[in-house]
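# Chains, contacts and geometry: an overview
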Amino acid sequence: MWDYSDKVKEHFFNPKNAGAVVDANATGEVGSISCGDALRLTLKVEEETEVILEAGFQTFGCGSAIASSSVLTEIIKGMTLDEALKVTNQDIADHLEGLPPEKMHCSVMGREALQAAIANYRGEEWADDHAEGALVCKCFAIDAVMIEEMVWANKLRTVEDVTNFTKAGGGCASCHEDIEAILEKVLAEKGEKFDPEAAPVTKKPVVAEVKGPLTNLQRIKKIEEVLESLRPALMADGGDVELVEVIGNTAYVNMTGACSGCQMAAMTIAGIQQRLMEVMGEFIKVVPASEMKKLVNIEVA
Amino acid sequence: MTDIYLDNNATTKVDHAVVDVMIPYFLEQYGNPSSIHKFADGVAKGIKNARQQVQNLIGCEHDSEIIFTSCGTESNSTAILSAIKAQPNKKEIITTTVEHPAILSLCEALEKEGYTIHRMPVDKAGRLNLEAYKKLLSDQVAIVSVMWANNETGTLFPVVEMAELANAAGVMFHTDAVQAVGKIPMMLQDTKIDMLSLSGHKLHAPKGIGVLYLRRGTRYRPLLRGGHQERGRRAGTENTASIVGLGKACELALEHIEYENTHVKAMRDRLERGITEQIPHCFVTGDLYNRLPNTTDIAFEYIEGEAILMLLNKAGIAASSGSACTSGSLEPSHVMRAMDIPYTAAHGTIRFSFSRYNSMHEVDEVLKVMPGVVATLRKLSPYWEGDGPVASPEQAFKPTYA
């Protein structure tokens, strides 16, 4: 079964605010087709201040859907509607101490129910802004619809392209067959043929190739250059990376912003290491800066 | 209270007697059966004995018709790939929509290679239409692969009759019988079944051992080549301990086959009756009058299977579900969809599968727990109000689907 956090179990076994709020003045009803889950969120909003006084949920769904619904009602009680609109699905997942990648859509459903309820209160029409497909990349929780859209929009042709644009396939690589199948399908629709040997459309960031052994200073400069070239991708997800120290061919980095504490941080670090080795043509080990303490201790001892 | 295991269609506990016969093959007779020394001289005998024990359970004519493999999935793949390699001009395969993924995924891959796959649909009770089947049989068909018993509902397919029809049309017939072997009596020598897959861990042998029954004279191409083992039909050093264990498990299964169809069936029936009588808005899926004695699959409307399993697990009860959420896939079980079970019920299906290790006392325990579990979740469900579903549930709650 899923490896649920204690927090998920706590909210599942003892859900908070279950049931509809009596004399609610805002209702949001959404479902996630990918699980057959559905959620009705009812709110009682104070009219002058727009503060959410009460929130209740009714959920048809799995353990994490019920836990996500329950924790959502706890998060938003006492918030104003504008504050509540800033609640992201990541916030919901964080309050639950993380969700398995396959289950992240349960938290998305929570956020959408909230948006739908607020739209309902304000007399607006809520429209969903994304379709959801079968989960393809489990490392980075990327679904088929997302990959298809990116392949269409950016004229992607190879698995490497897909990884560069969506991160899908950048971790354990076990979904590469599925990504190839998507490429085959979309390219066929465009009247093209998928060629696994094709050169990627995406240009690799321009970093001068290095020849011969590096001095430590050269190495540090190169590492900085590569990190700089990777930075836009990280920042697109609200994260960043900072080089702390280089000892021999070990680079110590700090993952900051959204990257810090992200379940995918280890995967991202592996990706950075891969890129560094490709560019520098030598073995480089990338290690979180938190590991440095151990190193110092060993040396002192 | 000790935990109650009702997930025997997923896998079973290894019988103590099976473990006992295996141990010497780890610690004493660990020689390679091909070797000529005293560490190996009992091994060939052990394997031969096991082959006969399997033969007795499935009633085949010769023990050389038994090929030991690593699992049911390997047996299935071997059977289908052998049939198409041995008959390269035949480009069609007949199967059903409710097969195990071991068959369906392989067929999907073959479809991409240009094979035509006929997936026979089932009706609301999970039954096939034999008239439609007859029409599909032709000299273009390389193999028919139809499961003997469905893993989710326990529904039995008329494979003996279907094999006769295939044989009359000159078409090879394979059955995935991993759920059926050991639960219902079979006498393969009286049938026209050409190939049959079975899996050790479904009948109290360890995981990692399976069998492909291959009728003498059936054209065959090995999946794994490289050695003389299994008469060159499945190369690779024999999994000796597991083969001997599987033999013992088959002997025990044969001894208990009547018990399975009386006592085990009685437990299943009591649980099923108790649940459907006590709990409103639930129903049994599949062909109620033609199924395995140990399996019941019950759909609880308006709630979701994974949530039910989590509450059952907390109460020390292990079962399984056809819900999408337990697998991480998009859809609820393809078996439920094939039977046209509505989404609001298909997501709430729970399979209870018994073995000879269960007891009536355990059934009573489950019956005590189940109504509370269902009531707890229905209280949270937007389709439910008070003691029953809301009036016209599909209208009352119409979420925007993302």
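Residues numbered from 1 in each chain as written. Chains lettered and ligands numbered in written order. Predicted model: local features only at pLDDT ≥ 70, side-chain atom pairs only at ≥ 80, totals over all residues.

## Here we look at the overall build of chain B
Per the secondary structure count, chain B includes 12 helices and 16 strands. The globule rule puts the C-alpha radius of gyration for 402 residues at 21 Å, and the 22 Å found for chain B is close to it. Oriented by its inertia axes, the alpha-carbon framework of chain B measures out at about 75 × 50 × 35 Å. Taking all 402 residues of chain B together, 52% fall into the buried category. If you take every contact in chain B between residues at least 6 apart in sequence, the share linking residues at least 24 apart comes to 72%. (Helix = DSSP H or I, 4+ residues; strand = E, 2+ residues; numbered from the N terminus. Rg over C-alpha atoms; globule rule 2.2 N^0.38 Å. Buried ≥ 20, exposed ≤ 12 C-beta atoms within 10 Å, placed from the backbone. Contact = placed C-beta atoms within 7 Å.)

## A word on the overall build of chain A
The secondary structure content of chain A amounts to 11 helices and 8 strands. Out of the 301 residues in chain A, the part that is buried amounts to 40%. Taking the contacts inside chain A whose residues are at least 6 apart along the sequence as the reference set, 55% of them involve residues at least 24 apart.

## A closer look at the domain arrangement of chain A
When its domains are assigned, chain A resolves into domain 1 (6-121), domain 2 (135-189) and domain 3 (216-300). The straight-line distance from the C-alpha centre of domain 1 of chain A to that of domain 3 of chain A is 37 Å. (Domains from an automatic or database assignment.)

## Structural notes on helix 6 (residues 159-168) of chain B
Residue and element names in this part refer to chain B. The complete set of buried residues in helix 6 reads Val159, Met162, Ala163 and Ala166. Buried residues of helix 6 fall within an arc of 100° about the axis and therefore sit on the same side. Against the buried residues of helix 6 lie helix 5 (130-136), strand 5 (141-145) and strand 6 (172-176). In the segment just after helix 6, Gly170 is the residue with positive phi, at about 75°. (Arc of directions from axis to C-beta.)

## Some details on the sheet that holds strand 5 of chain B
Residues and elements named next belong to chain B. Here we have 7 strands laid out as an open sheet, ordered 2-8-7-6-5-3-4, and mixed in their pairing. Each edge of the open sheet is held by one strand with a lone partner, namely strand 2 (66-69) and strand 4 (116-120). Taken over all neighbouring pairs, the strand axes of this sheet differ in orientation by 20° on average, direction set aside. Here 5 bridges tie strand 7 (residues 195-199) to strand 8 (residues 210-214), and the two strands are oriented antiparallel to one another. Paired with Ser199 across the bridge in strand 8 is Gly210. (Pairing = 2+ DSSP bridges. Axes fitted to C-alpha atoms, helices over the stretch in contact; angles between N-to-C directions.)

## A short note on the environment of Pro101(B)
If you trace the backbone, Pro101(B) turns up in helix 4 (residues 101-112). Residues Pro101(B) and His334(B) lie 233 residues apart in sequence; the distance between their C-alpha atoms is 9.6 Å.

## Some words on the sheet that holds strand 10 (residues 295-300) of chain B
All names here are of chain B. Pairing is antiparallel across the open sheet formed by 4 strands, whose spatial order is 9-10-13-12. Every interior strand has two partners, whereas the edge strands, strand 9 (282-284) and strand 12 (320-321), have only one. Judged from the 5 bridges that link them, strand 10 and strand 13 (residues 349-353) form a sheet pairing that is antiparallel. For Ile298, the partnering residue across the bridge sits in strand 13 and is Ile350. Sheet strands in contact with helix 7 (residues 240-278) are strand 9, strand 10 and strand 13, and its direction is about 10° off that of strand 10.

## As for the domain arrangement of chain B
All names here are of chain B. If you check the domain split of chain B, you get domain 1 (16-253) and domain 2 (257-381). Contacts between the two partners involve 21 residues from domain 1 and, on the opposite side, 20 residues from domain 2. Among the residues forming the side of domain 1 that touches domain 2, the class breakdown is 10 nonpolar, 7 polar and 4 charged. (Nonpolar A, V, L, I, M, F, W, Y, C, P; charged D, E, K, R; others polar.)

## Description of the pairing of strand 7 of chain B
Residue and element names in this part refer to chain B. The buried fraction of strand 7 amounts to 5 of the 5 residues, a majority that puts the element mostly inside the structure. Where burial is concerned, the two faces of strand 7 agree: the one with Met195, Ser197 and Ser199 and the one with Leu196 and Leu198 are both buried. Where strand 6 and strand 7 come together, 3 bridges link them in parallel fashion. Residue pairing for strand 7: Thr175 is matched across the bridge by Leu196.

## Some words on the confidence of the model for chain B
Per-chain confidence: chain B averages 94 in pLDDT, with 97% of residues scoring 70 or above. Across the whole predicted complex the pTM is 0.84, and at the interface the ipTM reaches 0.85. (pLDDT = per-residue confidence, 0-100.)

## Observations concerning helix 2 (residues 63-76) of chain A
Residue and element names in this part refer to chain A. Between its first and last C-alpha atoms helix 2 spans 20 Å; for 14 residues at 1.5 Å apiece the expected length is 20 Å, and the two agree. By the criterion of burial, helix 2 is predominantly enclosed, with 12 of the 14 residues buried. Of the positions making up helix 2, those classed as buried are Gly63, Ser64, Ala65, Ile66, Ala67, Ser68, Ser69, Ser70, Val71, Leu72, Thr73 and Ile76. Taken from the residues just after helix 2, Gly78 is the one with a positive phi, measuring 95°. (Expected span 1.5 Å × (residues − 1).)

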